[in-house]
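Analysis of the macromolecular model
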Amino acid sequence: MATRSIGIIVNGATGRMGYRQHLVRSLLAIREQGGVLLADGDRLLPELLLVGRNEEKLRDVAEKHGLDNWTTDVDAALDDADYEVYFDALVTNLRVENLKKAIAAGKAIYTEKPTAETFEDALELARLAKAAGTVSGVVHDKLYLPGLLKLRRLIDSGFFGEILSVRGEFGYWVYEGDWQTAQRPSWNYRSEDGGGIVADMFPHWNYVIEDLFGRIEDVYAQTATHIGTRWDEKGEAYTATADDAAYGVFRLEGGTVVQMNSSWDVRVHRDELVEFQVDGTKGSAVVGLHGARIQPREATPKPVWNPDVRDPHDYRADWIEVPDNQGPDGYDNGFKVQWEDFLRHYVEGRPYPFDLLAGARGVRLAETGLRSAAEGRRISLDPLTEA
């Protein structure tokens, strides 16, 4: 067994997602554990080159974590043959240009989503990568979280029988920024800066739905900008031009209906910030990002509708918690696990399913959702399996 190095360019290393989830909780954590264990018993150790626009912030991050290599010159980074993987955690409106440069430089691609602001640009990236023979991966982090791993296990076991419907609730109250600081950056609420909950969340819903339940055949969505005035990071009021809530209905190949509510204007009355209820002929489940509860057909109560009498039955008590069954160490960070999965696929020469084409399908769903809301109609989606 040997330890091999792999050079990774981390562009956007000082940003919220790039720093917290990808640098600290994923790549540095992988280094601390001694690398990624490969099928042949070797370990793959990431060597990192941090890239960003702010020299002072980059230097501080590098010094804090004992890293020597950083630069504000992305072109110089891409010219460095010691770094074969390019990772992008920039804001969306900067992503396409940088991914095109990385593809042209012969780098393998791993990137945050959405991969582009438009489906046309996202599909072009997938086609450029295919033409260049580039290995690519797009962050699909929620599939690697405990709750959805448990849901996958339930589906694979046949627990649900025929899956009839899925109902998802996502969101929380994001403060306007006047008397309490907002938890999200102000650009999220400006469409001219690439903001909006559809652009942010529909790419997530696309990969969750298509990987777990099937291909989306048509879309109907309503969007809203419920809160029209917010306050930015300087405390100055601005007009919110992007959607901050979206209500979507997706019909899948095979007939399953998925309803997804997404909102930054909702107060949480759920166990988790996102939950999916999956109802099937043989059983149902309520799944969050970590927990999962089930109710099999044989243990389903038989309610009788009588609105004139208070119902004493505790319906939540009828549900059974799904155990972790994941060994003594439990579940690891989902972003980190996907990084390990992508790197294994890449160095072992196996095709990676969550590639730039999968990313393009996510962008298409967001674009179609916005179009559906604007036109007030249901829109069909053709299969998209080749770039």
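So, here is what we can say about the structure in this document.

Analysis parameters
Residues numbered from 1 in each chain as written. Predicted model: local features only at pLDDT ≥ 70, side-chain atom pairs only at ≥ 80, totals over all residues. Heavy atoms only, no water. Helix = DSSP H or I, 4+ residues; strand = E, 2+ residues; numbered from the N terminus. Buried < 20%, exposed > 50% of the residue type's maximum accessible area, 1.4 Å probe, protein only. Lys, Arg positive; Asp, Glu negative; His and termini not counted. Salt bridge = Lys/Arg side-chain N within 4 Å of Asp/Glu carboxyl O. Polar contact = N/O pair within 3.5 Å; in protein donor to acceptor, adjacent residues only side chain to side chain. Contact = heavy atoms within 4.5 Å. Arc of directions from axis to C-beta. Pairing = 2+ DSSP bridges. Axes fitted to C-alpha atoms, helices over the stretch in contact; angles between N-to-C directions. Core = buried A, V, L, I, M, F, W, Y, C linked by side-chain atoms within 4.5 Å. Phe/Tyr/Trp six-rings, centres within 6.5 Å; stacked < 30°, edge-to-face > 60°. Lys NZ or Arg CZ within 6 Å of the ring centre and 35° of its normal.

A closer look at the side chain of Glu-272
One can find Glu-272 in the loop between strand 13 (257-263) and strand 14 (274-280). As a buried residue without a salt bridge, Glu-272 has its nearest oppositely charged side chain in Arg-293, at a separation of 6.3 Å. Side-chain polar atoms of Glu-272 contact the backbone nitrogen of His-290, separated by 3.1 Å. The contacts of Glu-272, once residues within four sequence positions are left out, are Gly-288, Leu-289, His-290 and Gly-291.

Considering the pattern of salt bridges
The full count for this structure, using the stated rule, is 32 salt bridges. Residue Arg-251 pairs with Asp-218 through a salt bridge whose shortest N-O separation is 2.5 Å. Of this pair, Arg-251 sits in strand 12 (residues 245-252) while Asp-218 sits in strand 9 (residues 216-224), placing them 33 residues apart in sequence. Salt-bridge contacts for Glu-340 lead to Lys-336; the nearest nitrogen and oxygen are separated by 3.2 Å. Linking Glu-340 with Lys-336, this pair stays in helix 8 (residues 334-347), spanning four residues, or about one helical turn. Look at Lys-336 and you get buried, because its relative accessible area is 4%.

Thoughts on helix 2 (residues 55-64)
Considered for burial, the residues of helix 2 that qualify are Leu-58, Val-61 and Ala-62. Axial view of helix 2: buried residues confined to an arc of 95°, hence all on one face. Facing away from the buried surface of helix 2 by more than 90 degrees, the exposed residues are Glu-56, Glu-63 and Lys-64. In the core, the buried residues of helix 2 are packed alongside helix 1 (16-32), strand 3 (43-51) and strand 4 (70-71). Here helix 2 starts with a cap whose side-chain oxygen sits 3.1 Å from the backbone nitrogen of Glu-56, and that cap is Asn-54. Two residues or fewer past helix 2, Gly-66 is found with a positive phi of approximately 65°.

Quick word on the sheet that holds strand 8 (residues 163-171)
One key point about sheets: their strands pair by backbone hydrogen bonds, in either a parallel or an antiparallel sense. In spatial order, the strands read 17-16-15-14-8-13-12-9-18; together these nine strands make up an open sheet with mixed pairing. Sheet topology places strand 17 (320-321) and strand 18 (379-380) at the edges, where each strand pairs with a single neighbour. Bridge count for strand 15 (residues 283-287) against strand 16 (residues 292-296) is five bridges, and the pairing is antiparallel. Residue pairing for strand 16: Val-286 is matched across the bridge by Arg-293. Lying over the sheet, helix 6 (residues 146-157) contacts strand 8, strand 14, strand 15 and strand 16, oriented at roughly 165° with respect to strand 15. Each of strand 9, strand 12 and strand 18 is contacted by helix 9 (residues 356-375), which is oriented at about 60° to strand 9, the strand it contacts most.

Section: the nonpolar core
Ranked by size, the top nonpolar core spans 77 residues in total, and within it Ile-8, Leu-50 and Phe-250 carry the most contacts. The greatest single-element share of this core, amounting to nine residues, is contributed by helix 7 (residues 197-212). When residues no more than four places from it in sequence are discounted, the contact partners of Ile-8 are Leu-27, Pro-46, Glu-47, Leu-48, Leu-49, Tyr-83, Val-85, Phe-87, Trp-339 and Leu-343. Core analysis: the second largest hydrophobic core is formed by 27 residues, Ala-122, Leu-123, Ala-126 and Val-363 among them.

Section: the packing of aromatic side chains
Scanning the model with the defined rule gives 15 aromatic pairs in all. Relative to Phe-276, the ring of Trp-205 lies with its centre 6.0 Å away and its plane at 85°, an arrangement referred to as edge-to-face. With Trp-205 in helix 7 and Phe-276 in strand 14, the pair connects residues that are 71 residues apart, well separated along the chain. An identical accessibility class is assigned to Trp-205 and Phe-276; each is buried. Among the aromatic residues, ring-to-ring pairing joins Phe-87, Tyr-110, Tyr-144, Trp-339, Phe-342, Tyr-346, Tyr-352 and Phe-354 into one connected group. The ring of Tyr-238 carries the charged tip of Arg-190 above its face, separated from the ring centre by 5.0 Å. Above the face of the Trp-173 ring, Arg-267 is positioned so that its terminal group lies 3.9 Å from the ring centre.

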